Structure formats: C-alpha cells, structure tokens
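For reference, the chains in residue letters:
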Amino acid sequence: MLGVGVLASGRGSNLQAILDAIAAGRLSAAVRVVVSDVADAYALERARAAGVPARFVDFKAAGGREAFEGRIVEVLREHAVELVALAGYMRVCGPVLLAAYPGRVVNIHPSLLPSFPGLHVQRAAIEHGAKFSGCTVHFVDAGVDTGPIIIQAVVPVLDGDTEETLAARILRQEHRIFPRAIQLYAEGRLRASGRRVLVDAPAPGLDAAALINPPIEA
Ligand code: GRF
C-alpha cells in the first residue's frame, strides 16, 4: 500500500478528497501523516477526524528553511511516507525535501499550467480573458509550478465569474483529479519521457474530449 504524506497549510479540502477516495475504494493508498506549517490549519483537524497523525512543524522555531524542511522530512520518514502530496501547501518546496523525495512530490495547482503559475491565479485567468481555466497535478521540481504535468481538468470561464465562483468550479475538479493522479502513481502507470509524463490509460475520444467555450450552437 502506497504511503502518502500530505502537506497542507489551510482548509484541506484536497486532503479530504484524498481521504474520501481512499474510503470509497477509488484510491489504493494510505495517508500516513498530515503535516502543516500552520498550527491551526483546518487540514490538521480533518486528519485527526480521520484518525491520521497530524503534525505542526513551526517554520520560525526551526531556524531557517533547510532546518524546517529537514524536520518535515524527519516526520515523513518516521511515518514511512513514500509519496508526498502538496495539498494547498503555501510554501515553495525546497532542495532538502526534493532531495529526500526525488520525483516523489506532487502538487495540485488551480490553473492550466504552464499558464498562471503562482498565486491568485483564478483572478489572473479572469483578468486575462481566458475562456478556459482548470487545474493541474504535477510532479514538483526546483521551480514554482513548473514540474512535469500528470493530469489536468478544464473548466469554462463564464462571463459573470468572480474569483470565488471560478475557484469553486475549479476546486470541484481538483477533488477529482488529485486522488486520480495518486492512484495512477500507485498503480505504476506514470512514465517519465523528458519532461512529459506518459500515462498508461485509455486514449480519449478526440472530438469528444475537445472543449469549446462559448460553445458552437447546434
Ligand atoms: C487549492 O486551490 C489548491 O489548488 C491550491 O491551494 C488550494 C488549497 O485548497 N494549491 P484546500 O486547502 O485543499 O481546500
């Protein structure tokens, strides 16, 4: 059983989606520990409610980013974590964590990367006038939101959207694709080819998988 460690800084709805997918039998993995850099993150509550060890690691007390990440790595190793899932973890993943888990850190990001990396990306997509946005699960590399893409979901941007309505539409899809990406990893169905991740999965029907927004009227 794949041992997953989740790092989260906030409300933890993606953590919950992972826990729910495991409970529903859609994900063959175990969340072995949830780590947060925020003492009162709701994600830690969700972990406790699910009977998963919940740990706060204090950035300030650690004395620097390397020591902080070293402490996180210790906690992950104590719990036999094999794959690290960043689920709303609001810090950049540094070299200590990446060296400890090379090619074994995945992140969920609420845009269609490589468009709109960084923060406030739903607002950025609206302001840019994009007709589609979505979410991306990717392997983490040394950059910010730059690593190899595993899976993406697309949603339309509607004329009346606010940052909140678009974020909510995207979040629904995040909750579908993050557990799915972890399951693909757990099943050994992901293969690196340069910076591409080739996925051993059925090919989509081509026109059926295309999206047009605004739609072409019948
Ligand atoms: C999500 O939108 C995720 O894509 C981004 O941070 C948000 C975390 O939400 N990285 P939650 O804490 O999982 O509810």
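Scoring rules and cut-offs
- Starting afresh in each chain, residues are numbered from 1 along the sequence in its written order.
- Where local features are concerned, this predicted model is filtered to residues with pLDDT of at least 70; where side-chain atom pairs are given and counted, the filter is 80 or more; whole-chain, interface and lining totals use all residues.
- As a rule here, side-chain values come from all non-hydrogen atoms in the structure, and water together with hydrogens is ignored.
- Runs of E in the DSSP output that reach at least two residues are strands. Runs of H or I that reach at least four are helices, and both are numbered from the N terminus.
- Atoms counted for the radius of gyration: C-alpha only. Globule rule: 2.2 Å times residue count to the power 0.38.
- Three exposure classes are used, based on accessible area relative to the maximum for each residue type with a 1.4 Å probe and protein chains only: buried under 20%, partly exposed in between, and exposed over 50%.
- Pairs of residues are marked as contacts when any of their non-hydrogen atoms sit within 4.5 Å.
- Areas reported as accessible are Shrake-Rupley estimates using a 1.4 Å probe. Residue values count occlusion only from the protein chains shown.
- Note that His is not counted, nor are the chain ends; the positive residues are Lys and Arg, and the negative ones are Asp and Glu.
- The atom standing in for a charge is NZ when the residue is Lys, CZ when it is Arg, CG when it is Asp and CD when it is Glu.
- Note on definitions. A residue lies near a molecule or strand when any single heavy atom of the residue is within 4 Å of it.
- N or O atoms within 3.5 Å of each other form a polar contact, as long as, within protein, one can give a hydrogen and the other can take it, and as long as residues adjacent in sequence are counted only when both atoms are side-chain atoms.
- Points on a 1 Å grid, built from protein atoms alone, make a cavity when a 1.4 Å probe fits but cannot get out and make a pocket when they are open with protein on both sides within 12 Å along at least 5 of 7 lines; residues with an atom within 4 Å of a point are the lining residues.
- Placement in a cavity or pocket follows one criterion, namely that more than half of the molecule's atoms lie within 2 Å of its grid points.
- What the arc measures is the spread of directions leading from the helix axis to the C-beta atoms.
- Only when DSSP finds a minimum of two bridges between them are two strands counted as paired.
- Fitted lines through C-alpha atoms give the axes, limited to the stretch in contact for helices. The angle between two N-to-C directions lies from 0 to 180 degrees.

Visitor: Account for the overall build of the protein chain, with residues named and values stated.
Guide: Each helix and strand in the protein chain was counted, giving 8 helices and 9 strands. For a compact globule of 218 residues, the expected C-alpha radius of gyration is about 17 Å, and the protein chain comes in at 17 Å, within 12% of that figure. Across its three principal axes, the protein chain shows a C-alpha extent of roughly 60 × 35 × 35 Å. Sorting the 218 residues of the protein chain into buried and exposed places 44% on the buried side. Excluding contacts between residues fewer than 6 apart, the proportion of contacts in the protein chain whose partners are at least 24 apart in sequence is 62%. Total accessible area on the protein chain stands at roughly 11,200 Å², and carbon and sulfur atoms take up 54% of it. Of the side-chain charges in the protein chain, 22 are positive and 22 negative, and the distance between the mean point of each set is 4 Å.

Visitor: Give a description of the site of the ligand that names residues and reports values.
Guide: For the ligand, the full set of nearby residues is Arg11, Gly12, Ser13, Asn14, Gly88, Ile108, His109, Pro110 and Glu174. Between the ligand and the protein, one listed contact pairs an oxygen atom with a side-chain N or O atom of arginine 11 at 2.5 Å. Here an oxygen atom of the ligand sits 2.7 Å away from a polar atom, N or O, in the side chain of glutamate 174. In the complex, 86% of the free accessible area of the ligand, which totals 370 Å², lies under the protein chains. Among the detected pockets, the ligand sits in the largest pocket.

Visitor: Any chance you could break down helix 2 (residues 42-49) for me, citing the residues and the numbers?
Guide: Taken together, the buried positions of helix 2 are occupied by Ala43, Leu44, Arg46 and Ala47. Taken end-on, helix 2 shows its buried residues confined to a sector of 160 degrees, consistent with a single buried face. Residues of helix 2 that are buried sit in contact with helix 1 (13-23), strand 2 (29-36) and strand 3 (54-56). Once helix 2 finishes, glycine 51 follows within two positions and takes phi at roughly 75 degrees, a positive value.

Visitor: Describe the sheet that holds strand 5 (residues 105-109), naming the residues involved and giving the relevant values.
Guide: Spatially, 7 strands are ordered 3-2-1-4-5-6-7 in an open sheet, and the strand pairing comes out mixed. The sheet terminates laterally at strand 3 and strand 7 (149-156), the two strands that pair on one side only. The mean inter-strand angle of the sheet, taken between neighbouring strand axes irrespective of direction, is 20 degrees. As paired strands, strand 1 (residues 2-7) and strand 2 are joined by 6 bridges and run parallel to one another. From the neighbouring strand, leucine 7 faces strand 2, where its bridge partner is valine 35. Most of the contacts of helix 7 (residues 163-186) go to strand 7, to which it runs at about 155 degrees, and overall it touches strand 1, strand 4 (83-86), strand 5, strand 6 (132-139) and strand 7.

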